[in-house]
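# Structural characterization, general
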Amino acid sequence: MLSTFLAILRRDLLLSWRGRADLLVTLAFFVVVVCLFPFGVGAEPNQLRAIAPGVLWVAALLASLLALHRLFAQDHADGTLEQLLLSSEPAVLWVLAKIAAFWLTTGLPLVIAAPALALLFDLEQSALPVLTLSLALGTPILALLGAVGAALTLGVRGGGMLLALLVLPLYVPVLIFGAGAVDAHLGGTGAKAQLLLLGGGLAGALALAPWACASALRIAME
Amino acid sequence: MLQATDLACLKGDRLLFRGLALTLGPGEMLRVAGPNGVGKTSLLRLLTGLTQPEAGEVSWHGTALRRSREDFHRALLYLGHSAALNDLLTPLENLHFACAAAGDADVDEEACMQALVRIGLARQLDLPARVLSQGQRRRVGLARLFLSFHRPLWILDEPFTALDVDAVADLAATLSDHCAAGGTVVLTTHQEAPFARAPQVLNLGAYAC
């Protein structure tokens, strides 16, 4: 069972590496969107400091949305998904492996880049660990929820737009607690509550999203 | 034993066929025949459990598919229209992954390599799949047959497409061997192949609506 999980994880990571231009696009999108804000709202340091958590979080959210449609599209087109659904291993297992590989290649780079970009906004040094932690807990939730949306819109004409409409409302709580964690830290109340809620959200999404995703994929193959 | 009773298949809002029944035991080969669009691929997908029939039931060793999914999928090898190859991976990586994903974790790279050499791809082992010809792509998919003799039921959708004459003969011999060893094969094809024993023929046109 573990060997199947690892085989799929390894393959998806290898595929990401061979098609690494796509990953750079996601990361570049994140960097560019974040950099646009100081131009738009002006270089007033207090204002920039105030909007930093929200901007970084919204940009990370949009960047992870950008890559989402690729999660199952190629496997659906070339018949691999059919073979995976016929595997004697539980579908949840390989769905989780695919989502894990997806997060490692699209979510993790955002988590790593975010603290560097936060310097553009003169975010307090002490808030950087909170920002990183909130993204490290939050982006996997985005990947898990997004995977369900990607599976539901698989093979639908204009699926990309529909996917955004479908998952963006689901991303709202993650955004509120993610950006809220950094705000709370800056406000002096401590970010523990928000981070715990994000952790709880992640545990819940880990438990439920792969099942929903596997069911949606079965329906998509009908 | 693969059994189907009173199957009906709906595609979109059109009924493709109904009232179809079949029973296949060990050692039997069934060729599903009929003109294009009659529902051959749809029937094969029903038999694999990828889609649900509109009416009727498919069962494996007497248990309905939806209640024996894991056992059934351990016994099944299905090769569909598309070869399930990723263009960025080599044939060897593709085949090794296909075996691991199907749950055959004990198939190692060495065995995959031998299967690919056996099917005539010795010189393409480390080329990306996107440079392979249609026939070669088909062969990579078919190489899984040599690693799947422990799976009794083979369901193959147009396995002979794009293959040259020698490969067709070789594949027909492999399928005959599998049946001789107690396996069951269901396939669709429009061309004649030199099987050791002529397969049973199911004319799907007779059940069309």
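Residues numbered from 1 in each chain as written. Chains lettered and ligands numbered in written order. Predicted model: local features only at pLDDT ≥ 70, side-chain atom pairs only at ≥ 80, totals over all residues. Heavy atoms only, no water.

Across its full length, chain B carries 6 helices and 9 strands. For 209 residues, the compact-globule estimate of 2.2 N^0.38 gives 17 Å, and the C-alpha radius of gyration of chain B, at 17 Å, lies within 12% of that figure. A separation of at least 24 residues holds for 69% of the contacts in chain B among residues at least 6 apart in sequence. Element-wise, carbon and sulfur atoms account for 50% of the exposed surface of chain B, whose accessible area totals about 9,100 Å². Of the charged side chains in chain B, 19 are positive and 22 negative, and the gap between their average positions amounts to 6 Å. (Helix = DSSP H or I, 4+ residues; strand = E, 2+ residues; numbered from the N terminus. Rg over C-alpha atoms; globule rule 2.2 N^0.38 Å. Contact = heavy atoms within 4.5 Å. Areas by Shrake-Rupley, 256 points an atom, 1.4 Å probe, with all protein chains shown as cover. Lys, Arg positive; Asp, Glu negative; His and termini not counted. Charge placed at Lys NZ, Arg CZ, Asp CG, Glu CD.)

For histidine 178 of chain B, the location among the structural elements is in helix α6 (residues 165–180). If near-sequence neighbours (up to four positions away) are discounted, histidine 178 of chain B is found in contact with Phe149, Arg151, Pro152, Trp154, Gly183, Thr184 and Val185 of chain B.

Applying the stated criterion to the full structure yields 3 aromatic pairs over all chains. Measuring from centroid to centroid gives 5.6 Å for phenylalanine 149 of chain B and tryptophan 154 of chain B, while their planes differ by 45 degrees, and the two rings are tilted. On the basis of relative accessibility, which here comes to 42%, the residue phenylalanine 149 of chain B falls in the partly exposed class. Each ring, one from phenylalanine 160 of chain B and one from phenylalanine 195 of chain B, has its centre 6.0 Å from the other, and the planes form 65 degrees; the classification is edge-to-face. With phenylalanine 160 of chain B in the loop between β7 (153–157) and α6 and phenylalanine 195 of chain B in the loop between β8 (184–188) and β9 (200–203), this residue pair connects regions lying 35 residues apart in the sequence. In this pair, the class of phenylalanine 160 of chain B matches that of phenylalanine 195 of chain B, namely buried. The ring of tryptophan 17 of chain A carries arginine 20 of chain A above its face, with NZ or CZ at 4.1 Å from the centroid. (Phe/Tyr/Trp six-rings, centres within 6.5 Å; stacked < 30°, edge-to-face > 60°. Buried < 20%, exposed > 50% of the residue type's maximum accessible area, 1.4 Å probe, protein only. Lys NZ or Arg CZ within 6 Å of the ring centre and 35° of its normal.)

Here the focus is the packing of helix α3 (residues 45–68) of chain A against helix α7 (residues 128–152) of chain A. Residue and element names in this part refer to chain A. Two elements in contact, α3 and α7, have axes whose closest approach is 10 Å; the angle formed by their N-to-C orientations is 35 degrees. You can see that α3 and α7 cross each other, and the crossing is right-handed. Taking contact as the criterion, the partners of Leu56, Trp57, Ala60, Leu61, Ser64 and Leu68 in α3 are, on α7, Leu131, Ser134, Leu135, Gly138, Thr139, Leu142, Gly146, Ala147 and Ala150. (Axes fitted to C-alpha atoms, helices over the stretch in contact; angles between N-to-C directions. Left-handed = near helix turned anticlockwise from the far one by under 90°.)

Before going further, it helps to spend a moment on the UniProt feature "transmembrane region" (unreviewed entry) in chain A. Residues and elements named next belong to chain A. Cross-referencing UniProt, the feature "transmembrane region" (unreviewed entry) maps to residues 21–39, 51–72, 93–121, 127–154, 161–182 and 194–217 in the present numbering. Taken as a whole, residues 127–154 contains 89% helix and 0% strand, while its terminal C-alpha atoms sit 39 Å from one another. For residues 161–182, the helix share is 100%, the strand share is 0%, and the end-to-end C-alpha distance is 30 Å. (UniProt positions renumbered as here; feature names shortened; annotations may be inferred.)

With that settled, consider a negative patch on the surface. Residues and elements named next belong to chain B. Taken together, Asp106, Asp108, Glu109 and Glu110 make up a surface patch of like negative charges. On the secondary structure map, glutamate 110 appears in helix α4 (residues 109–118). A relative accessible area of 46% places glutamate 110 in the partly exposed class. (Patch = residues over 30% accessible without salt bridge, like charges linked within 9 Å, V, L, I, M, F, W, Y side chains within 5 Å. Salt bridge = Lys/Arg side-chain N within 4 Å of Asp/Glu carboxyl O.)

The phi angle of most residues is negative, glycine excepted, and most peptide bonds adopt the trans form. All names here are of chain B. Here histidine 61, not a glycine, exhibits a phi torsion of approximately 50 degrees, which is positive. Assignment of secondary structure puts histidine 61 in the loop between β4 (55–60) and β5 (63–64). The backbone of alanine 84 sits at a positive phi, close to 60 degrees, despite the residue not being glycine. Looking at the secondary structure, you find alanine 84 in the loop between β6 (76–79) and α3 (91–102).

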